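Chain by chain, the residues run as shown.
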Amino acid sequence: MTKSEFQKKLNEASKIVESWPDWKKNTLKDSFKSRNTTPREEVVLHSQPSSNKSSSS
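Undergrad: Describe the overall build of the chain, naming the residues involved and giving the relevant values.
TA: Across its full length, the chain carries 3 helices and 0 strands. Written out in order from the N terminus, the α and β elements of the chain read α-α-α. Carbon and sulfur atoms form 54% of the exposed surface of the chain, whose accessible area is close to 6400 Å².

Undergrad: So what about the packing of aromatic side chains? Which residues, and what values?
TA: Taken as a whole and assessed by the stated rule, the structure comprises 0 aromatic pairs. The ring of W20 carries the charged tip of K24 above its face, separated from the ring centre by 4.7 Å.

Undergrad: Before we move on, could you go through the pattern of salt bridges and cite the residues and values that matter?
TA: All chains considered together, the criterion is met by 2 salt bridges. Among the salt bridges present, the one from K25 reaches E18, with a minimum N-O distance of 3.8 Å. For K25, a relative accessible area of 30% gives the class partly exposed. Exposure remark for E18: the relative accessible area of 56% places this residue in the exposed category. Between K25 and D22 there is a salt bridge, with its nearest N and O atoms 3.7 Å apart. Of this pair, K25 and D22 both sit in helix α2 (residues 22–25), separated by 3 residues, roughly a single helical turn. Each member of the salt-bridge network shares a partner with another, and the members are E18, D22 and K25.

Undergrad: So what about a nonpolar patch on the surface? Which residues, and what values?
TA: Residues M1, F6 and L10 make up a contiguous nonpolar surface patch of about 350 Å² in total accessible area. Looking at M1, the relative accessible area reads 73%, which means it is exposed.

Undergrad: Any chance you could break down the confidence of the model for the chain for me, citing the residues and the numbers?
TA: In this model, the chain carries a mean pLDDT of 85, and residues with pLDDT of at least 70 account for 88%. No element of the chain has a lower mean pLDDT than helix α3 (residues 27–31), which averages 80, and none a higher one than helix α1 (residues 3–18), which averages 96.

Basis of the calculations
- Every chain is numbered independently, its residues counted from 1 as its sequence is written.
- In view of the model being predicted, local features appear only for residues whose pLDDT reaches at least 70, and side-chain atom pairs are presented and counted only at 80 or more, with totals across whole chains, interfaces and linings using the full set of residues.
- Note that the side-chain values use all heavy atoms of the structure and ignore hydrogens as well as water.
- Strands are runs of DSSP state E lasting at least 2 residues, helices are runs of H or I lasting at least 4, and numbering of each runs from the N terminus.
- Surface accessibility in these figures is a Shrake-Rupley result with a 1.4 Å probe; residues are shielded only by whichever protein chains are displayed.
- The rule is short: rings of Phe, Tyr and Trp, with Trp giving its six-membered ring, pair when the centres are within 6.5 Å, and they are stacked under 30 degrees, edge-to-face over 60, tilted in between.
- Placement of a charge over a ring requires the Lys NZ or Arg CZ to be within 6 Å of the ring centre, with the centre-to-atom vector within 35 degrees of the ring normal.
- Salt bridges are identified by distance alone: a Lys or Arg side-chain nitrogen within 4 Å of an Asp or Glu carboxyl oxygen.
- Any residue under 20% of the maximum accessible area for its type is buried, any over 50% is exposed, and the rest in between are partly exposed; the area is computed with a 1.4 Å probe on protein chains only.
- Patches here are clusters of residues that have more than 30% relative accessible area and form no salt bridge, with a 9 Å joining cutoff for like charges and a 5 Å cutoff for nonpolar side chains (Val, Leu, Ile, Met, Phe, Trp, Tyr).
- You can read pLDDT as the predictor saying how much it trusts each residue, on a scale of 0 to 100.

Printed below as a string of C-alpha cells:
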C-alpha cells in the first residue's frame, strides 16, 4: 500500500467515524477512566530471602 493509498483510506475512515455519535467515538477512552471515588491503597511488596535452598550431599 502506497502512502497516498493509505492517506485515502485514512480519510475515508475519518469521515465514517465523524458521522458517529460522541458516545460511540469515546467508548474506549471512557472505558479507561476509574470508577472508584477514592484512590486504591498503595501496595508495597518487600523481598524475602529464599528459604528453599538445596544442598548437595
